[in-house]
Amino acid sequence: MNHFLLATTYLKDLMRTDKERFFLELDHFRDLIFQSSDIIKEDKRDGKGAILAHGFFDLTPANCYYIDGEFVFGPLEFCIKNYPANALILRMINSLYQGDIDIYRQIPMEILMDRYGLNEKKELWWRADW
């Protein structure tokens, strides 16, 4: 029998019950973002991060299911060429916090922003997300 959840539900449940596993699963999701496209500019540790040949804008937990231990995506329709991976990582994070005040109490967003190196240029990533 298949067991499936929206990925946001799965990750939020982990955030509340098993923070260590939450971080591992979120790291895995971030890795999927990097695997979704060729990297045309490597991360030079200058805060700008890597640039993907194709940034799939809907590659977020809100557009994904967690089925039998795997993140499963439907068709990825929205693609932006030469897009910063960090902007997609911010979208990944933001999709977990939207509309859920309690999540901010579980793990403040700034912890995830720091974990993924987004704080230095966060205004740039927010603008890209908007």
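Remember, predicted model here, so these are calculated numbers, not experimental data. (Residues numbered from 1 in each chain as written. Predicted model: local features only at pLDDT ≥ 70, side-chain atom pairs only at ≥ 80, totals over all residues. Heavy atoms only, no water.)

Asker: Explanation requested: the nonpolar core in the structure shown.
Answerer: For soluble globular proteins, the rule of thumb is that nonpolar side chains tend to be buried together. Among the nonpolar cores identified, the biggest contains 34 residues, and Phe 22, Phe 71, Ile 93 and Tyr 97 are the most heavily contacted of them. Counting residues per element, the ones that place at least two in this core are helix H1 (7–17), helix H2 (19–35), strand S3 (51–56), strand S4 (64–67), helix H3 (85–97) and helix H5 (109–115). Considering each element in turn, this core owes the most residues, 9 residues, to H3. Ignoring any residue separated from it by four or fewer positions in sequence, one finds Phe 22 in contact with Leu 11, Leu 14, Met 15, Leu 96, Ile 107 and Leu 112. (Core = buried A, V, L, I, M, F, W, Y, C linked by side-chain atoms within 4.5 Å. Buried < 20%, exposed > 50% of the residue type's maximum accessible area, 1.4 Å probe, protein only. Helix = DSSP H or I, 4+ residues; strand = E, 2+ residues; numbered from the N terminus. Contact = heavy atoms within 4.5 Å.)

Asker: Mind showing me how you'd approach the sheet that holds strand S6 (residues 79–84) here?
Answerer: The strands making up a sheet are joined through hydrogen bonds of the backbone, oriented either antiparallel or parallel. An order of S2-S3-S6 is seen for the 3 strands of this open sheet, with the pairing classed as antiparallel. Strand pairing shows two members of the sheet lacking a second neighbour, strand S2 (39–41) and S6, which therefore form its edges. Within this sheet the neighbouring strands show an average axis-to-axis angle of 40°, counted without direction. The pairing of S2 with S3 spans 2 bridges and is classified as antiparallel. Considered in S3, the bridge of Lys 41 is made with Ile 51. Of the strands in this sheet, S3 and S6 touch H3, which is tilted by about 105° from S6. (Pairing = 2+ DSSP bridges. Axes fitted to C-alpha atoms, helices over the stretch in contact; angles between N-to-C directions.)

Asker: Got a minute to help me understand unusual backbone geometry in this structure?
Answerer: Trans peptide bonds make up most of the peptide bonds, and negative phi angles are found at most residues other than glycine. Positive phi, normally seen in glycine, also occurs at Asp 68, with a value near 45°. With respect to the element layout, Asp 68 can be found in the loop between S4 and strand S5 (70–73). Positioned with a positive phi, Asn 82 is a non-glycine residue whose angle comes to about 55°. Here Asn 82 shows up in strand S6.

Asker: It is not clear to me how the pattern of salt bridges should be interpreted in this structure. Could you clarify?
Answerer: Pairs can form between side chains of opposite charge whenever their charged atoms are close. According to the stated counting rule, one finds 7 salt bridges in the structure shown. Residue Arg 30 pairs with Asp 31 through a salt bridge whose shortest N-O separation is 3.1 Å. According to the relative accessible area criterion, Arg 30 is partly exposed, its value standing at 21%. Using a relative accessible area of 32% as the deciding quantity, one classes Asp 31 as partly exposed. Where salt bridges share partners, they join Lys 12, Arg 16, Asp 100, Asp 102 and Arg 105 into one cluster. (Salt bridge = Lys/Arg side-chain N within 4 Å of Asp/Glu carboxyl O.)

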